[in-house]
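Take a look at the letters that make up each chain.
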Amino acid sequence: MLKMKTKAVRLYGKNDLRLEEFELPPISGDEILAKVVSDSVCMSSYKAAKQGAEHKRVPDGIDRNPVIIGHEFCGELVEVGAKWRGRFKPGDKFSIQPAINAPENVYAAPGYSFPFIGGDATYIIIPAVVMEHDCLLPYGGEAFYHGSLAEPMSCIIGGFHVNYHTQAGCYTHQMGIVKGGKMALLAGVGPMGLGAIDYALHCERRPSLLVVTDIDEARLSRAAALYTPEHAKQRGVELVYRKAPGTESLMELSGGAGYDDVFVYAPVAPIVEQAGAILAYDGCLNFFAGPTDPEFSARFNFYDAHYNAAHIAGNSGGNTDDMREALEMMAEGKIDPAAMVTHVGGLDAVIHTTLNLPEIPGGKKLIYNQISMPLTAIADFPKLEDPLFAELSRLTERSGGLWSLECERYLLQNGRPL
């Protein structure tokens, strides 16, 4: 069995993240050694770093037995234990569904709970529980960053699947958004909102009307340029962007009857309350944005719950089938999460990025683990004199200002090794 040193960002307590080099133990016959190429920083990692062992997924005793953070990662298998050699082989690309949901500990997840597996490391040991619960997913795409973003996309897809509707006089829940129905995404042009727009336009179960709101004019304009109403019309969807509309205006856009599916992408009480106010009969409010405050609450009209069949759904992640759907749709070119990425950096940028994530503007922060590089906005590439960024600027300009497979390949070949 190989012995391998790794560099990893480990959580020791509240606000205590450390980038350290240490030796991984040899793998056992039911484990797999893997190289991590990319990880995207999630707000959930920020919450874990802020809460430490008080976070549901983080175990006690991390001051003595730290865990590796990061759960949106993609890489290549290096050594496969004997138990799994019929299913996996060295060189395979992989992504991981971190929501293992193991009965012995439903909260345990890579990136939160384990000492030797997490997205913010150069090499990891994948424990048997991941394979036993079918959460090590082969990835056949070319771009590693697609594999990383499959996890957040699976959360978005899971949100669409977890919504439900009913028929009068029938107690069977019909799962999923209403096909051909009316949908609203409130605070919907952040990174996850952009992914939701992409999925809503390109999945099989599309709405006929999609209204997207936000308070930020610049982010709305970017979203409208990436996902145009003209393209949406070709997909059979009327797509409308609005800056912070009032409830009356939103109802008018729906034709007065309200929306079948309303998604809330920011944990802000007035937005949650507006979402409840614009529900149609049998409408489903999906509270997607996870709050850091365990006491977060908002008013909900229970008259509507009683007489208008209004209901609430929520999910804190997708399942393995959602992740497979994301990987397949990306491999087929149906969705492209590049629009979610606004910053790129190396493993040595993870600590500052994670601890300050809410204050860093833009969308997804993409990390390349084998590279040393400060977190850098794609929009800033043209301003930097370094030849590396000059070429990345040229490549992103060629791809419409977005990160791309060509950008990734160039950075992996020419970036400064960690």
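It should be noted that the structure appears before, not after, this text.
Summary of the structure given here. All figures in this text were calculated on a predicted structure; none of them were measured in a lab. Residue positions are given per chain, counting from 1 as you read along its sequence in written order. Under the rules for a predicted model, residues below a pLDDT of 70 receive no local features and side-chain atom pairs below 80 are neither given nor counted, while totals for whole chains, interfaces and linings still include all residues. Just so you know, side-chain values use all the structure's heavy atoms and leave hydrogens and water out.

### Remarks on the pattern of salt bridges
Our working rule: Put simply, a salt bridge is a Lys or Arg side-chain nitrogen that is within 4 Å of an Asp or Glu carboxyl oxygen. The helix count covers DSSP runs of H or I at least four residues long, the strand count covers runs of E at least two residues long, and both are numbered beginning at the N terminus. Relative accessibility thresholds used throughout: buried, under 20% of the residue-type maximum; exposed, over 50%; partly exposed, between the two (1.4 Å probe, protein chains only).
The tally for this structure, following the rule as stated, stands at 15 salt bridges. Between aspartate 214 and arginine 219 there is a salt bridge, with its nearest N and O atoms 3.4 Å apart. As a salt-bridge pair, arginine 324 and aspartate 321 come within 3.6 Å of each other at their nearest N and O atoms. In this pair, arginine 324 and aspartate 321 both sit in helix α10 (residues 320-331), three residues apart, roughly one turn of the helix. On the basis of relative accessibility, which here comes to 28%, the residue arginine 324 falls in the partly exposed class. Under the relative-accessibility criterion, aspartate 321 is labelled exposed at 55%.

### Focus: unusual backbone geometry
Generally, phi is negative for residues other than glycine and the peptide bonds are trans, each holding for most cases. Despite not being glycine, asparagine 101 shows a phi value in the positive range, around 60°. Mapping asparagine 101 onto the fold places it in the loop between β6 (93-96) and β7 (123-126). Even without being a glycine, alanine 244 presents a positive backbone phi close to 40°. Structurally, the position occupied by alanine 244 is in the loop between β13 (238-243) and α7 (247-253).

### Notes on the nonpolar core
For soluble globular proteins, nonpolar side chains are generally found buried alongside one another. In plain terms, the rule: Nine residue types can take part in a nonpolar core, namely buried Ala, Val, Leu, Ile, Met, Phe, Trp, Tyr and Cys, and a core is a set of them joined through side-chain atoms within 4.5 Å. Residues are treated as being in contact if the distance between any of their heavy atoms lies within 4.5 Å.
Counting 64 residues, the largest nonpolar core has Phe160, Ile197, Leu210 and Trp403 as its most contacted members. Residues contacting tryptophan 403, with those up to four places away along its chain left out, are Tyr145, Ala338, Val341, Val344, Leu366, Tyr368, Ile378, Phe381, Leu392, Thr396, Glu408 and Leu411. Counting 31 residues, the second-largest nonpolar core is a separate cluster that includes Ala34, Ile124, Ile125 and Cys135.

### Considering the packing of helix α3 (residues 144-162) against helix α4 (residues 191-202)
Short version of the rule: Note on definitions: angles span 0 to 180 degrees between N-to-C directions of axes, and those axes are lines fitted to C-alpha atoms, for helices only across the stretch in contact. Roughly parallel means an angle under 35 degrees; roughly antiparallel means over 145; roughly perpendicular covers 65 to 115; every other angle is labelled oblique. Note: crossing handedness is left-handed where the near helix turns anticlockwise from the far helix by less than a right angle, and right-handed where it turns clockwise. Asp, Glu, Lys and Arg are counted as charged, while Ala, Val, Leu, Ile, Met, Phe, Trp, Tyr, Cys and Pro are counted as nonpolar; the rest, among them Gly, fall into the polar class.
Between α3 and α4, whose axes approach to 9 Å, the crossing angle comes to 60°. Here α3 lies oblique to α4, going by the angle between them. Handedness of the α3/α4 crossing: right-handed. Counted together, Pro152, Met153, Cys155, Ile156, Ile157, Phe160 and His161 of α3 and Met192, Gly195, Ala196, Tyr199 and Ala200 of α4 form the full contact between these two elements. Taken together, the residues of the contact of α3 with α4 sort by class into 10 nonpolar, two polar and no charged.

### Description of the sheet that holds strand β11 (residues 182-186)
Here is the rule we go by: Think of it this way: DSSP has to see at least two bridges between two strands before they count as a pair.
Reading across from one edge, β13-β12-β11-β14-β15-β16 is the order of the six strands in this open sheet, with parallel pairing throughout. Across the chains shown, the open sheet's two edge strands, defined by having one partner strand only, are β13 and β16 (311-313). Going from strand to strand, the sheet's axes swing by 20° on average, the running direction of each strand aside. Relative to β16, strand β15 (residues 279-287) runs parallel, the two being bridged by three bridges. Across the sheet, leucine 285 pairs through a bridge with isoleucine 312, a residue of β16.

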